[in-house]
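# Summary of the model geometry
For reference, the chains in residue letters:
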Amino acid sequence: MTVTKIIDKTTENLQTLTPISGSLDIGAGESQGMRLITRVLGQLQADYPEVAIHLHSGAAGRIANQLADGQLDFGIIMGNQVSSQYSALKLAHTDSWGILLPKNTALAQKAVITPQDLVGQPLIVSEQAMNEHRFQNWWQNVSDQLQIVGTYDLIFNAHLLVTTSNCYALAFDNLVPIEDNSLLTFRPLSPALNESTTLIWSKDRQLSSAAQIFLKRLKSITE
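Predicted model only: the values in this text are computed from it and were never measured. (Residues numbered from 1 in each chain as written. Predicted model: local features only at pLDDT ≥ 70, side-chain atom pairs only at ≥ 80, totals over all residues. Heavy atoms only, no water.)

### Considerations on the overall build of the chain
Within the chain, the secondary structure is distributed over seven helices and nine strands. When the backbone C-alpha atoms are referred to their principal axes, the chain occupies close to 65 × 40 × 30 Å. Classification of the 223 residues of the chain by burial places 43% in the buried group. For the chain, the proportion of contacts with a sequence separation of at least 24, taken over those separated by at least 6, is 81%. (Helix = DSSP H or I, 4+ residues; strand = E, 2+ residues; numbered from the N terminus. Buried < 20%, exposed > 50% of the residue type's maximum accessible area, 1.4 Å probe, protein only. Contact = heavy atoms within 4.5 Å.)

What follows is the structure in C-alpha cells.
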C-alpha cells in the first residue's frame, strides 16, 4: 500500500469515528446535471445526518461572489469558461439548448429550430446566458432581426409565461416536464448548442470535512 493510500485510509477511518456535522452549501443554476449532485448529497446526508445541506439557486456571477466571500462551499456552472482562481471538476452531463413553445404554433411542426426560424418571433431568454453572450456564435448574422421581448432567471416562471402568452423561451432541454396533455413542447436547436457542467470551489479556502467527503464521493463516480 502506498503512502498516499495509507493517508487516505487513515483519514477515512478518522472521519468514520468522528461525527461529521455543520453545513454544506452549494450554488447552482438550473440543470439536469444536478441529478448527479443531489444523488451524492442524498447518500452523504444518510451517512452523516448531522450535516445540513443548503442548495442556492443563482447565476454564475452570483455564485462566484458567494464562493469568494465564503457563503458557498461549491458552485455548479454551465459553460466552458472557468476562472483559474477555482479548482474545477468537469461533470459528464451536458445540457442542450432549444426552444420551449406552445404546441399549437407553426414553429412546433419543425423537428429542429434554426436561427432563421426565430427571426421576428417573440423570444424570452436566460438573462445569465444573454449577459455572457452564449448565443452570439449560434445566431450570428440574424441577431439584429430577433425580437427579444424579455429575460428570465428561472425556467419554471418562464414556462408559465410561454403557456399564457404568445412567446417562445430559449432554454435547456428536460427542465420543464412535457406531458402528453401539455400545452407546450420542446425543439432542439440546429446547429446544436450544448453546455458542459462543472463543479467549482475556491483554491483559497480550506474545505470542511463534509465538503471533502462530498467531493471525494463525487470524484469517485466522475473521474
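### Brief notes about the environment of S21
Structurally, the position occupied by S21 is in the loop between α1 (3–17) and β1 (22–28). Owing to a relative accessible area of 49%, S21 belongs among the partly exposed residues under this scheme. Here the alpha-carbon distance between S21 and L36, two residues 15 residues apart in the chain, equals 22 Å. Those residues in contact with S21 that sit more than four places away from it in its chain are E50 and V51.

### Things to note about the packing of aromatic side chains
For any pair of aromatic rings, the description rests on two quantities: the centre-to-centre distance and the angle between the ring planes. Under the criterion given, the structure shown has five aromatic pairs. The interplanar angle of 70° and the centroid separation of 5.8 Å between the aromatic rings of F74 and W201 together place this pair among those described as edge-to-face. Placement of the pair is F74 in strand β3 (residues 74–78) and W201 in strand β9 (residues 194–202), with a sequence separation of 127 residues. Residue classification places W201 among the buried residues on the basis of a relative accessible area of 9%. Both rings, one in F135 and one in W139, keep their centres 5.2 Å apart while their planes meet at 50°; by these two values the pair is tilted. We note that F135, like W139, is buried. (Phe/Tyr/Trp six-rings, centres within 6.5 Å; stacked < 30°, edge-to-face > 60°.)

Spatial relationships are all this shows, so hold off on functional conclusions.
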